[in-house]
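Chain by chain, the residues run as shown.
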Amino acid sequence: MGRILVTGATGTVGRHAVALLREAGAEVVALSGKDGDLRDPGTLPPLDGVTSVLLVWPFATAGGAREVLRALAGRHVVYLSSAARRGSEREVERLVEEAAGTWTFLRPHAFAANALRWARQVRAGVVRGAYGAAGQPVVHERDVAAVAVRALLDAGHHGAAHTLTGPETLSQEDQVRIVSEVTGIPARWEEQAPELARTALLAGGWPAGAVEEVLRAQAELARRPAPVTPAVEDVTKAAPRTFREWGEEHADAFRRPRPAAGARSSMRAARIHEFGDASVIRVEEVPVPRPGPGEVLVEVAATAFNPSEVGLRSGLLPEVFRASLPHTLGWDVSGTVAETGAGVSDLAAGDRVFGMVDGAAAEYVAAPADVLARAPRSIPLADAAAVPVAGLTAWQAVHEHARIEPGRRVLVNGAGGGVGTFAVQLAKLAGGHVIATASPRSAAAVRRLGADEVIDYTTTPLPADVDVLLNLIPAAHAPASPVTVSIAGGEGHFVMRYDPAQLTALAALIDEGRLTVEIAESHPLPALPRVHRRAEAGDLRGKVTLLMG
C-alpha cells in the first residue's frame, strides 16, 4: 500500500481523511500548518516510502506549488480543488498534471462546514447576507474525505475529476432554516442588498477580489442553482450525508461560542472620546474584556438604541449620565455567555441572556452574572435586546406607578415608540381599556398590539375622559387625569430602575405568546452614528437594534 502523505491533516477534510485511512490500515504521514509552511519544500517530512499524497493546498494563490510538486513528482496525487475552479485552483491542477505520476482531482461544491461562518449570527437569531436564494448542493466534509480515501487506495481513479455534492440543492435561506430547526435556536435569514453585503465582507477582512468573486457566484447561483451529482455514491457506494445530518452533528458549535480568550484578543466597540454631536462616535478595535469574579463574558448579539443615549453622548445632564472617557455606548444587551468568572454557578457558557449593562455597544461585554436574566427562547436573541430599558420602563409605569386595574380607561400617549409598544400590551394585559396615540405610520402596529382605540395625534385632540395617562412623549396639552405617569418630565415623572426579576417576568410573557417584541429597524453596529443623527432629527419610530454579527 505504501505510505500516504496528507497535507492539511488537521483541517476540515484532512482530519477525516487521516482517520479513515488509518481505519483502513494505511500508514499515514500527517502534515499540518503547525509543521511549517507547505509552500517551502524544505518543510516536507521525509518522503521515503510515500507513494500517494492527498494534497490540500490552503492558499489563495498557486505560489510555491510548483516547487512542492516537484518534490512529490512521480507519486499518485489526489488534489482537493473545488467546483468553482478559481484561477489558483486551475493552476495547481495544471501543475499536478505535469508533476504527478498519476492524479485525481476532487471538485467539491460548497462544504456544509461553511455554514459555521454564520454561527455567531445564528446565536443572535438573524443571518444577514445577499442572495439568500443562491442554491448549492452542499457536501459533508466526511463525504469528501471518503472519496479522497477511495481515490488514494483504489485503482481506476487516474485522470478522474470528481465533482462532489450533497444529496440536495439548498439555498442559503434553506440552510439557515435547517440549522435553526436542528439547534432549536430561533433564527432567520435576512436579505441584504449586495452593496451592504460587500461592505460587511470587506469589514470582516475578506480580500476585495474574493468578495467580488463570491458575490458574482452567489448572484449566478440565485439565478441557476447548482445541480446534484452522483459522484459521492458512485465512488464510495454509500449515499451522501444530508445537510440536516451535518447540522445535527455540529449543533453545539452553533449553540456555544468559542471562549474569546482562545479565539480573539480584540473586538469592535462603539466609543466616544469626547462629548459632542454624532460624529464623535467611533467604531474601533479595543481589547476583549475578561470576566472577573462573579462576572460572565457575553458574546453580544445586539444592543438597542435608546433616545437617552443622545444626552449621554452630548454631555448633557452629567449628574445623570455619568461617563468617563473614552466611553463605550449602549445599555440594552442580549447575547450568549462565552466565559464565566470565578464563583459563577447560575450561568454557563452557551446560555442565552439579556439585560442592562453599561458598554453594550460592543462585540463582547463583561457583566456581573446577577444583573442578567435568561433571554426569551421564542424570539431571535438579537430581538431580545429591544426589551430591557423599554420593557422595564413600561412594566413599572403600568404596574408600580399607574397600578392599572381592569376596566380603567388608559391613554398611552406616544404608543408608537419603543416604550409605548410595551405599555399598550401591558396595560391591555392588566385589563385596561387602552386608548393609544400614534402617527399614521404607527397606527396599524399599535392596533395590532391590542389598543382598543387609536388616535392620530397629528389631527385629533387627546381625549379628556381617561382614568390613567401614561405620558411617554413631551406633550404640551396632555389632558388632566386622576392618575398621570410620565417618563417625559412634568407631573408623575419617574425614572426606570433596573430589575432583573421583572425582566424575567417579561421574558415569560414573551415565551407565553402574550407579549410581542416589535423591532422597527435593525442595523449593523457601524450605523450607530447615523441612528443618533436620525433620532435628533425626529426620524426614528419604535425600537431600533444594532447587530454585532
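Values in this document were obtained by computation on a predicted structure and should not be read as measured data.

Peer 1: When you look at the overall build of the protein chain in this model, what are you seeing that I'm missing?
Peer 2: Summing up its helical and strand segments, the protein chain has 19 helices and 25 strands in all. Each principal axis of the C-alpha distribution contributes one length, and for the protein chain these read about 95 × 45 × 40 Å. Out of the 549 residues belonging to the protein chain, those deemed buried represent 53%. A fraction of 72% describes how many contacts in the protein chain between residues 6 or more apart in sequence connect residues 24 or more apart. Accessible surface, the protein chain: about 23,100 Å² in total, of which carbon and sulfur atoms supply 52%. Distance between charge centres in the protein chain, computed from 55 positive and 62 negative side chains, equals 2 Å.

Peer 1: Help me out: how do you make sense of the packing of aromatic side chains in this one?
Peer 2: Note on aromatic pairs: each is described by the distance of the centres and the angle between the planes. Inspection of every chain in the model, using the stated rule, returns 6 aromatic pairs. Ring geometry for Tyr-79 against Phe-105: centres 6.2 Å apart, planes inclined by 90 degrees, an arrangement best described as edge-to-face. Placement of the pair is Tyr-79 in strand β4 (residues 76-80) and Phe-105 in strand β5 (residues 102-108), with a sequence separation of 26 residues. Take Phe-105: its relative accessible area is 1%, and that puts it in the buried class. On the basis of an interplanar angle of 70 degrees and a centroid distance of 6.0 Å, the ring pair of Trp-118 and Trp-189 is categorised as edge-to-face. Here Trp-118, found in the loop between β5 and α4 (119-124), pairs with Trp-189, found in strand β10 (residues 188-191); they are 71 residues apart in sequence, far enough to count as distant.

Peer 1: Can you help me understand empty space enclosed by the protein in this one?
Peer 2: Which parts of space are left empty comes out when a probe the size of a water molecule is rolled across the atoms. One pass over the full model with this rule turns up 3 cavities of 30 Å³ or more. Counted as a void, the largest cavity has a volume near 40 Å³. Around the largest cavity sit Gln-121, Ala-124, Val-126, Arg-128, Ala-301, Leu-547, Met-548 and Gly-549, which together line it. Sorting the residues of the lining of the largest cavity by element identifies α4 and β6 (126-129) as the ones contributing at least two each. Considering only residue class, the lining of the largest cavity consists of 5 nonpolar, 2 polar and 1 charged.

Peer 1: What exactly am I supposed to notice about the sheet that holds strand β14 (residues 327-328) here?
Peer 2: Adjacent strands of a sheet pair through backbone hydrogen bonds, lying either parallel or antiparallel. In space, the 3 strands of this open sheet follow the order β12-β11-β14, with antiparallel pairing throughout. Every other strand in the sheet has two partners, leaving β12 (281-287) and β14 as the edge strands with one partner each. Note: strand β11 (residues 266-272) against β14, 2 bridges, orientation antiparallel. Within the sheet, the bridge partner assigned to Ile-272 lies in β14 and is His-327.

Peer 1: Sorry if this is basic, but what is going on with the sheet that holds strand β23 (residues 483-486) here?
Peer 2: Here 5 strands make up an open sheet; going across it, the order is β21-β20-β19-β22-β23 and the pairing parallel. The outermost strands of the open sheet, each flanked by one partner alone, are β21 (453-456) and β23. Across this sheet, the average inter-strand angle for adjacent strands is 15 degrees, counted without regard to direction. Inspection of the sheet shows strand β19 (residues 409-413) paired to strand β20 (residues 433-438) by 5 bridges, in the parallel sense. For Val-412, the partnering residue across the bridge sits in β20 and is Ala-436.

Peer 1: Quick question: what am I supposed to make of helix α6 (residues 172-183) here?
Peer 2: For an α-helix the count is 3.6 residues per turn, leaving residues at separations of three or four pointing the same way. Here α6 contains 12 residues, and its C-alpha end-to-end distance of 17 Å stays within 8% of the 16 Å for a straight helix at 1.5 Å per residue. Of the residues making up α6, those classed as buried are Gln-172, Gln-175, Val-176, Ile-178, Val-179, Ser-180, Val-182 and Thr-183. Once α6 ends, the next one or two residues include Gly-184, with phi positive near 75 degrees.

Peer 1: What is the right way to look at the pattern of salt bridges in this model?
Peer 2: Note on pairing: side chains with opposite charge can pair once their charged atoms come close. Tallying each qualifying case throughout the model produces 40 salt bridges. Note that Glu-190 and Arg-188 form a salt bridge whose closest N and O atoms lie 3.5 Å from each other. With a relative accessible area of 18%, Glu-190 lands in the buried category. According to the relative accessible area criterion, Arg-188 is partly exposed, its value standing at 34%. A network of salt bridges, in which partner residues are shared, links Arg-66, Glu-91, Arg-94 and Glu-98.

Peer 1: For this particular structure, what's the right way to read the layout of surface pockets?
Peer 2: When its volume is computed, the second largest pocket comes out at roughly 1,600 Å³. Asn-306, Pro-307, Ser-308, Val-419 and Ile-487 are the residues nearest the centre of the second largest pocket, which is lined by 47 residues in total. Classifying every residue of the lining of the second largest pocket gives 26 nonpolar, 14 polar and 7 charged.

Cut-offs applied
Residues numbered from 1 in each chain as written. Predicted model: local features only at pLDDT ≥ 70, side-chain atom pairs only at ≥ 80, totals over all residues. Heavy atoms only, no water. Helix = DSSP H or I, 4+ residues; strand = E, 2+ residues; numbered from the N terminus. Buried < 20%, exposed > 50% of the residue type's maximum accessible area, 1.4 Å probe, protein only. Contact = heavy atoms within 4.5 Å. Areas by Shrake-Rupley, 256 points an atom, 1.4 Å probe, with all protein chains shown as cover. Lys, Arg positive; Asp, Glu negative; His and termini not counted. Charge placed at Lys NZ, Arg CZ, Asp CG, Glu CD. Phe/Tyr/Trp six-rings, centres within 6.5 Å; stacked < 30°, edge-to-face > 60°. 1 Å grid on protein atoms, 1.4 Å probe; cavity = no way out; pocket = protein on both sides within 12 Å on 5 of 7 lines; lining within 4 Å. Points joined across faces, edges and corners; volume = space filled by probe spheres on them. Nonpolar A, V, L, I, M, F, W, Y, C, P; charged D, E, K, R; others polar. Pairing = 2+ DSSP bridges. Axes fitted to C-alpha atoms, helices over the stretch in contact; angles between N-to-C directions. Expected span 1.5 Å × (residues − 1). Salt bridge = Lys/Arg side-chain N within 4 Å of Asp/Glu carboxyl O.

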